[in-house]
Amino acid sequence: MKKNLTERIGGRFASLQDRMQTGKLTLVQMEETLKNAGDKLEDYLKAFEGDIRPGAKKLVSKYRGAMEKLEKERKRIFKMKEYERRYADYEYIAGIDEVGRGPLAGPVVTCAIILPKDCDILYINDSKQLTEKKREELYEEITAKAISYGIGISSPERIDEINILQANYEAMRQSIEKLSVIPDILLNDAVTIPDVRIPQVPIVKGDTKSISIAAASIVAKVFRDRLMVQYDKEYPGYGFASNKGYGSEEHIKALKELGPTPIHRRSFLHNFSFEGV
């Protein structure tokens with residue numbers, strides 16, 4: 001098997017430094033070495049700091065900055081595990097969050113998720129703080145690494161029938177029931193769910209303070225967004241793929257021109273004058 005460039009260069013940093021000073025290590029080789037350095041990155045950076053070429057200095061600065069950002073992110077994630085550490089005596093800790101309480105159309109979606117105790121996923125945050133691309137990437141990683149996760153859904157009809165708060169609680173209970181293991185404790189984003197016997201810890205702004213709740217918010221958000229993209233194909237003209245059912249200008253205009261669809265929440269439209277409401 002062919003060795004990669006870093007292996008060919010070898011682990012002797014002094015030798016690398018000598019090669020740079022004599023011009024034997026090109027900037028392309030240097031960047032390839034740094035890219036493949038793994039946990040040896042700090043050692044390579046120290047070895048490369050003696051290179052006086054402007055391009056080399058720029059590379060060292062670039063990778064040094066990346067290391068600092070990574071360390072900052074690790075500290076942020078460590079802080080987000082505060083509640084998980086506090087309740088570490090519980091074997092299975094589930095984080096719960098919802099998305100879609102405010103839209104005029106579409107379901108409310110909840111997620112309950114149990115992450116491994118040694119969860120090492122970086123960049124988990126409140127889903128609203130992340131780009132769509134980052135949420136999609138994290139969704140795949142989170143769902144692949146989770147011990148278990150469950151999705152709960154309350155339809156627009158159910159929201160109209162029992163109100164959004166009760167529909168949200170109902171969806172949360174669904175998501176807990178769909179877990180493949182029974183959690184020992186629940187970390188919830190600000191609410192206490194009725195009719196649940198498992199101990200609960202409501203955390204205000206929990207999706208910014210607990211890695212489990214933040215992970216649940218990402219999974220729920222991506223799941224619901226994908227549903228709304230499908231609804232956009234079924235009910236074109238409302239912009240569901242982009243506004244996800246929230247009351248954007250485009251959405252309101254379409255409601256006035258086309259009237260509500262079967263996925264609109266009639267109880268949310270009482271302040272509007274639309275045909276068919």
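Structure: see above.
A brief report on the enclosed structure follows. Keep in mind it's a predicted model, so treat the numbers as computed, not measured. (Residues numbered from 1 in each chain as written. Predicted model: local features only at pLDDT ≥ 70, side-chain atom pairs only at ≥ 80, totals over all residues. Heavy atoms only, no water.)

### Concerning the overall build of the chain
Then, in step 1: On a plain count of helices and strands, the chain comes out with 12 helices and 5 strands.
Then, in step 2: Residues classed as buried in the chain amount to 46% of the 277 residues present.
Then, in step 3: Within the chain, residue pairs in contact and separated by at least 24 positions form 64% of the contacts whose partners lie at least 6 positions apart. (Helix = DSSP H or I, 4+ residues; strand = E, 2+ residues; numbered from the N terminus. Buried < 20%, exposed > 50% of the residue type's maximum accessible area, 1.4 Å probe, protein only. Contact = heavy atoms within 4.5 Å.)

### Here we look at the sheet that holds strand β3 (residues 148–154)
Then, in step 1: If you trace the 5 strands from one edge of the open sheet to the other, you get β3-β2-β1-β4-β5, paired in mixed fashion. In this open sheet, the two edge strands, each paired with only one partner strand, are β3 and β5 (200–203). The mean angle between the axes of side-by-side strands here comes to 20 degrees, regardless of whether they run parallel or antiparallel.
Then, in step 2: Of the pairings in the sheet, the one linking strand β1 (residues 93–99) to strand β2 (residues 108–114) comprises 6 bridges and is antiparallel in character. Across the sheet, residue Ile96 finds its bridge partner in β2, namely Ala112. (Pairing = 2+ DSSP bridges. Axes fitted to C-alpha atoms, helices over the stretch in contact; angles between N-to-C directions.)

### Digging into the packing of aromatic side chains
Then, in step 1: Under the counting rule described, the total for this entry stands at 4 aromatic pairs.
Then, in step 2: Judged by centre distance (6.2 Å) and plane angle (50 degrees), the ring pair of Tyr87 and Tyr90 falls under tilted.
Then, in step 3: For Tyr90, a relative accessible area of 31% gives the class partly exposed.
Then, in step 4: Look at Tyr238 and Phe240: their rings are 5.3 Å apart centre to centre, the planes differ by 5 degrees, and that puts the pair in the stacked class.
Then, in step 5: Given the relative accessible area of 0%, Phe240 is considered buried. (Phe/Tyr/Trp six-rings, centres within 6.5 Å; stacked < 30°, edge-to-face > 60°.)

### Observations regarding the nonpolar core
Across soluble globular proteins, nonpolar side chains show a tendency to be buried alongside one another.
Then, in step 1: Formed by 25 residues in total, the largest nonpolar core has its most connected members in Ile113, Leu115, Ile124 and Ile142.
Then, in step 2: Considering every element that reaches this core, the biggest residue donor is helix α10 (residues 211–234), with 8 residues.
Then, in step 3: In contact with Ile124, not counting residues within four places along its chain, are Glu73, Arg76, Ile77, Met80, Leu138, Ile142, Ile211, Ala214, Ala215 and Ile218. (Core = buried A, V, L, I, M, F, W, Y, C linked by side-chain atoms within 4.5 Å.)

### As for the pattern of salt bridges
Any two side chains of opposite charge can pair, given that their charged atoms come close.
Then, in step 1: Using the criterion set out here, one finds 18 salt bridges in the structure.
Then, in step 2: For Arg64, the salt bridge goes to Glu42, with nearest N and O atoms at 2.6 Å. On the criterion of sequence distance, the pair formed by Arg64 in helix α5 (residues 54–80) and Glu42 in helix α4 (residues 41–48) is long-range, its members being 22 residues apart.
Then, in step 3: Residues Glu141 and Lys145 are paired through a salt bridge, measuring 2.9 Å at the closest nitrogen-oxygen approach. Taken together, the residues Glu141 and Lys145, both in helix α7 (residues 132–145) and 4 residues apart, mark about one turn of the helix.
Then, in step 4: Judged by relative accessible area, Lys145 falls into the partly exposed class, the value being 37%. (Salt bridge = Lys/Arg side-chain N within 4 Å of Asp/Glu carboxyl O.)

### Re the packing of α4 against α5
Then, in step 1: Axis separation between α4 and α5 bottoms out at 10 Å; the angle between their running directions is 150 degrees. The orientation of α4 relative to α5 falls into the category roughly antiparallel. In the crossing of α4 with α5, the sense of the turn from one axis to the other is left-handed. Where α4 approaches α5, its residues Leu41, Glu42, Leu45, Lys46 and Phe48 are matched on the opposing element by Val60, Tyr63, Arg64 and Met67. (Parallel < 35°, antiparallel > 145°, perpendicular 65-115°, else oblique. Left-handed = near helix turned anticlockwise from the far one by under 90°.)

### What to know about unusual backbone geometry
Of all residues except glycine, most have a negative phi; of all peptide bonds, most are trans.
Then, in step 1: Positive phi outside glycine occurs at Asn163, with the angle close to 85 degrees.
Then, in step 2: Along the chain, Asn163 turns up in the loop between α8 (156–162) and α9 (164–177).
Then, in step 3: For Lys244, which is not glycine, the phi torsion reads 55 degrees and is therefore positive.
Then, in step 4: Turning to its location among the elements, Lys244 is positioned in the loop between α11 (240–243) and α12 (249–258).

### A short note on the packing of helix α3 (residues 27–35) against α5
Then, in step 1: Direction vectors running N to C along α3 and α5 enclose 15 degrees, while the axes themselves pass 10 Å from each other. Put simply, α3 runs roughly parallel to α5. Relative to α5, the crossing made by α3 is right-handed. Mapping the contact onto sequence places Leu27, Met30, Glu31, Leu34 and Lys35 in α3 and Gly55, Ala56, Leu59, Val60, Lys62 and Tyr63 in α5.
Then, in step 2: For the contact of α3 with α5, the class distribution of residues is 7 nonpolar, 1 polar and 3 charged. (Nonpolar A, V, L, I, M, F, W, Y, C, P; charged D, E, K, R; others polar.)

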